[in-house]
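Summary of structural features
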Amino acid sequence: MTLPRVPEPVLRDLERIALGVASEAALFVAEHGSVQVSATKSTPTDVVTETDRRSQELIEQRLRAARPADAFYAEEDGAVSGTSGITWVVDPIDGTVNFVYDIPAYAVSVAAVVGNPRVPGQWAPVAGAVVNPVSGERFWARSGGGAWRQRGRLPATRLQASGRAELPLALIGTGFGYSAAVRSWQARVLAPVLPRVRDIRRVGSAALDLCHVADGSLDGFYERGLNPWDLAAGWVIVTEAGGGICGLQQDHPSAEMTIAAGAVLPALRELLVTIVAKVGPVDCTDFPPAEPGA
Ligand code: IPD
Ligand code: CA
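None of the values given here were measured: they were computed from a predicted structure. (Residues numbered from 1 in each chain as written. Chains lettered and ligands numbered in written order. Predicted model: local features only at pLDDT ≥ 70, side-chain atom pairs only at ≥ 80, totals over all residues. Heavy atoms only, no water.)

Neighbouring ligand 1 are 16 residues; Asp94, Gly95, Thr96, Tyr178 and Glu223 lie closest to it. Between ligand 1 and Gly204, the relevant distance is 3.1 Å, taken from an oxygen atom to a main-chain nitrogen or oxygen of the residue. Within the contact set of ligand 1, an oxygen atom lies 2.5 Å away from a side-chain nitrogen or oxygen of Glu223. Burial of ligand 1 by the surrounding chains reaches 96%, relative to a free accessible area of 370 Å². Residue composition of the shell around ligand 1, by class: five nonpolar, five polar and six charged. (Near = heavy atom within 4 Å. Polar contact = N/O pair within 3.5 Å; in protein donor to acceptor, adjacent residues only side chain to side chain. Areas by Shrake-Rupley, 256 points an atom, 1.4 Å probe, with all protein chains shown as cover. Nonpolar A, V, L, I, M, F, W, Y, C, P; charged D, E, K, R; others polar.)

Here the focus is the side chain of Asp70. Take Asp70: it is sitting in the loop between helix H2 (50–66) and strand S3 (71–74). On the accessibility criterion, Asp70 (5% relative accessible area) is buried. Engagement of the side chain of Asp70 in a polar contact is seen with the side chain of Ser84, the distance being 2.4 Å. There is a polar contact of 2.8 Å between the side chain of Asp70 and the side chain of Trp88. Once residues lying within four places of it in the same chain are set aside, the contact partners of Asp70 are Ser81, Gly82, Ser84, Ile86 and Trp88. (Helix = DSSP H or I, 4+ residues; strand = E, 2+ residues; numbered from the N terminus. Buried < 20%, exposed > 50% of the residue type's maximum accessible area, 1.4 Å probe, protein only. Contact = heavy atoms within 4.5 Å.)

Turning our eyes to something else, we now look at unusual backbone geometry. For residues besides glycine, phi is generally negative; the peptide bonds are generally trans as well. Non-glycine residue Asp102 carries a positive phi angle of around 60 degrees. Looking at Asp102, the relative accessible area reads 63%, which means it is exposed.

Among the nonpolar cores identified, the biggest contains 35 residues, and Val130, Phe139, Leu159, Leu210 and Ile237 are the most heavily contacted of them. Of all the secondary structure elements, the ones that give two or more residues to this core are strand S6 (107–115), strand S7 (123–131), strand S8 (138–142), helix H5 (206–214) and helix H6 (228–240). Here the element with the most residues in this core is H6; it accounts for eight residues. With near-sequence residues (within four places) excluded, Ile237 lies in contact with Gly128, Ala129, Val130, Phe139, Trp140, Ala141, Ala147, Leu159, Cys211 and Ala214. (Core = buried A, V, L, I, M, F, W, Y, C linked by side-chain atoms within 4.5 Å.)

Moving on: the sheet that holds strand S11 (residues 171–174). Pairing in this open sheet of five strands is mixed, and the strands run S12-S11-S13-S15-S14 from one edge to the other. The strands lining the two open edges of the sheet, one partner per strand, are strand S12 (199–201) and strand S14 (244–246). Sheet twist, expressed as the average angle between the axes of neighbouring strands with direction ignored, equals 20 degrees. Bridge count between S11 and strand S13 (residues 220–223): three bridges; the pairing is parallel. By the bridge assignment for S13, Thr174 is matched with Tyr222. Sitting on the sheet, helix H4 (residues 180–193) touches S11, S12 and S13, and the angle it makes with S13 is about 155 degrees. Strand contacts of helix H7 (residues 265–279): S11, S13, S14 and strand S15 (258–261), with the helix running at about 155 degrees to S15, the strand carrying the most contacts. (Pairing = 2+ DSSP bridges. Axes fitted to C-alpha atoms, helices over the stretch in contact; angles between N-to-C directions.)

Read these as spatial facts, not as claims about activity.
Right, here's the structure in full:
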């Protein structure tokens, strides 16, 4: 896959816009956060709040004003086509369940990507930002510019993914989807991972998990079922921090599997390939998909 090259001045602009817009939306979420669930999506536990929607509206307005020719693709039913070759891939609140439960591990994720984000392997992020509204922690990156984290008013620091290559000593993050059949499959994959790593973390925001791989507070991360908006910004932040991201067989992440890590990536990938081959496909017999509207 050959994706278009974006000139450096444009990359700088995209990075600046991603960080500015994600920071503004995070402030909005922090100040106006209503945690009332307003609808459910794929399953009764896949929730959306009024704040998710309003955060997305704000982000879309700001991006349209800054770069009217760009396309827009976002979690809460948001898609607008464009002509510039850049698409903004947005998660207005990643970690909505944490948001609803007031667990301070959720984030606004804004990424500029090239290619078609609906087709795995046909797109890649070129700039992105992830901002936690509660901690105010901000992560950002652009292709070739390194990955950065800023905590409050402290100076920004350049990120470096973990150099730990030994799987038994690696702290690994993971996450679970909303469908019961997929969760059952994820549990069967997790069981043989658990005794082979230092420990497992399930933070509840894939965007933050990827940032934690970038800053080395996780040695690695994997999850089945991620959407482009969950991982677009985190992807460029991980790779700019010297980490890697891939699928099981493919060199790009997809809904089938996202694996991201520092030096432990080859060992983690090999383990997951072996386990997934043994576990087989998702089995819907015990857990048929939820009825629409259930
Ligand atoms: C979810 C979070 C969670 C992951 C799920 C995602 P949402 O996004 O990233 O950590 O395990 O797969 O769907 O629904 O909170 O935006
Ligand atoms: Ca999400």
